[in-house]
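Topology and contacts: notes
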Amino acid sequence: MAARQPFTYMDTADEAVRATCDDATICKRFATSKGYWKDPYIQYFARSVGERKAPEINRGYYARVKGVNHLLDAFIRNSECNCQVINLGAGLDTTFWRLKDENLLPKKFFEVDFPTVVARKIHNIKTKPPLSKHLIETHSTDSLILDTQSLDSDRYCIIGADLRDISALDEKLKKFHLNPDLPTVLLSECVLVYMTPSQSSNLLRWAAEIFHTAMFINYEQKERFLKTGWEHADALDMMTVYSMLPQDDVARMECLEFLDEKELLQQLLQHYNICWASKDKLNLGNSAVCKSFDLRLFI
């Protein structure tokens, strides 16, 4: 019998990164249970709401979800849904189901994460009819692929891969019919921070080289994008994004829980940025989104 290999520092670090998937899911589950925003599908990935989260944490997630959703939805609308989405480090995210409900589903929605995370998500989809129902409704051929590390249907694909291995990532995406000629939006909310600077730069450079019309949305410094082949990039701190959200909905949300330390919320939101970069060979108008992110965009 072969000797069991000891855990390395990389194994331990990767396990810590995978744990953030559960942390984010539980935080979103709690916030939606309090009414911060609607997500009828997250309950199928987090059984309970968990312990109470501080109001500033819930408001921070509210601003993040609303900001990212705005940029994503604007891109999809600009392309009239003739595009693809790649969610890098997707975890147990429910965006595919939201887009399906809102008639904003792109031609194909890809998700990539560690194989162990992907296996869990696929199991939940297989065993939860409200999740699998949407998959069945958007699949019309006999080519459905489903195993423990990948799921591929006409409109939705989940891939188990390591984002640090660009060649393997590229190979797997193309295997499941990624189309470099389609306008593409890449989401990577909290992934690059867990990679080395060279690893994350390689990922950004790969995306800039393979797609001629694309937007990349994440929490990152815009200079990193400009140095890796993106034409336009901009960023706002989350406090500014928070102030740009529709104020009637912000007022509704702020009534959900009393916030004693408003200065703490401000410090928290100012600590994080949302960044978006674009290439726009097809002139879809996504470069304009990068250059002008103001209140009109949220109305």
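Here is a short report on the structure shown in this document. Only a predicted model underlies this, so the values are computations on that prediction, with no experimental measurement involved.

What counts, and where the lines are drawn
- Residues numbered from 1 in each chain as written.
- Predicted model: local features only at pLDDT ≥ 70, side-chain atom pairs only at ≥ 80, totals over all residues.
- Heavy atoms only, no water.
- Helix = DSSP H or I, 4+ residues; strand = E, 2+ residues; numbered from the N terminus.
- Buried < 20%, exposed > 50% of the residue type's maximum accessible area, 1.4 Å probe, protein only.
- Contact = heavy atoms within 4.5 Å.
- Areas by Shrake-Rupley, 256 points an atom, 1.4 Å probe, with all protein chains shown as cover.
- Phe/Tyr/Trp six-rings, centres within 6.5 Å; stacked < 30°, edge-to-face > 60°.
- Lys NZ or Arg CZ within 6 Å of the ring centre and 35° of its normal.
- Expected span 1.5 Å × (residues − 1).
- Pairing = 2+ DSSP bridges.
- Right-handed = clockwise from strand over helix to strand, strands pointing away.
- Polar contact = N/O pair within 3.5 Å; in protein donor to acceptor, adjacent residues only side chain to side chain.

Across its full length, the protein chain carries 12 helices and nine strands. In the protein chain, buried positions account for 52% of the 299 residues. Pairs at least 24 apart in sequence give 75% of the contacts found in the protein chain among residues at least 6 apart. Per element, the accessible surface of the protein chain, about 14,800 Å² overall, is 53% carbon and sulfur.

A separate point is the environment of isoleucine 122. Within the secondary structure, isoleucine 122 sits in helix H4 (residues 115-127). Isoleucine 122 sits in the buried class, given a relative accessible area of 2%. With residues up to four places along the chain from it excluded, the contact list for isoleucine 122 reads Leu146, Asp147, Thr148, Gln149, Ser150, Leu151 and Ile158.

A word on the packing of aromatic side chains. With the rule as written, the count across this model stands at 11 aromatic pairs. Centre to centre, the rings of phenylalanine 109 and tyrosine 156 are 6.2 Å apart; their planes meet at 45 degrees, and the pair counts as tilted. Residue phenylalanine 109 is located in strand S2 (residues 108-113), and its partner tyrosine 156 is located in strand S5 (residues 156-160); the two are separated by 47 residues in the primary sequence. On the basis of relative accessibility, which here comes to 0%, the residue phenylalanine 109 falls in the buried class. The rings of Tyr41, Phe45, Phe96, Trp97, Phe109 and Tyr156 are connected pair by pair, giving a single aromatic cluster. The residue whose ring lies beneath lysine 121 is phenylalanine 45, and the NZ or CZ to ring-centre distance is 5.6 Å.

Moving on, we get to helix H7 (residues 197-210). The terminal C-alpha atoms of H7 lie 20 Å apart, and with 14 residues this matches the ideal 20 Å at 1.5 Å per residue to within 8%. Buried within H7 are the following residues: Ser200, Ser201, Leu203, Leu204, Trp206, Ala207, Ala208 and Ile210. Looking at the buried side of H7, the elements it contacts are strand S1 (84-88), helix H6 (166-175), strand S6 (184-188), strand S7 (213-218), helix H8 (222-226) and strand S9 (273-280).

Next up on the list: unusual backbone geometry. If a residue is not glycine, its phi is most likely negative; likewise, a peptide bond is most likely trans. One non-glycine residue, cysteine 81, lies in the positive phi region at around 70 degrees. With respect to the helices and strands, cysteine 81 occurs in the loop between helix H2 (55-78) and S1. Its identity is not glycine, yet histidine 177 carries a phi of approximately 70 degrees, on the positive side. The topology assignment puts histidine 177 in the loop between H6 and S6.

Attention shifts here to the pairing of S1. Across the five residues that make up S1, a large majority, five, are buried. Burial along S1 is two-sided: Gln84, Ile86 and Leu88 and Val85 and Asn87, pointing in opposite directions, are all buried. Both S1 and S2 contribute to a ladder of five bridges, which runs parallel. By the bridge assignment, asparagine 87 is partnered in S2 with glutamate 111. With helix H3 (residues 95-101) bridging S1 and its parallel neighbour S2, the resulting β-α-β unit is right-handed. The pairing of S1 with S6 spans four bridges and is parallel. By the bridge assignment for S6, glutamine 84 is matched with threonine 184.

Structurally, threonine 95 can be placed in helix H3. Taking the relative accessible area as the measure of exposure, threonine 95 reaches 8% and is therefore buried. Reaching out from threonine 95, the side chain makes a polar contact with the side chain of aspartate 93 at a distance of 2.5 Å. For threonine 95, the residues in contact, after removing those within four places along its chain, are Leu72 and Phe109.

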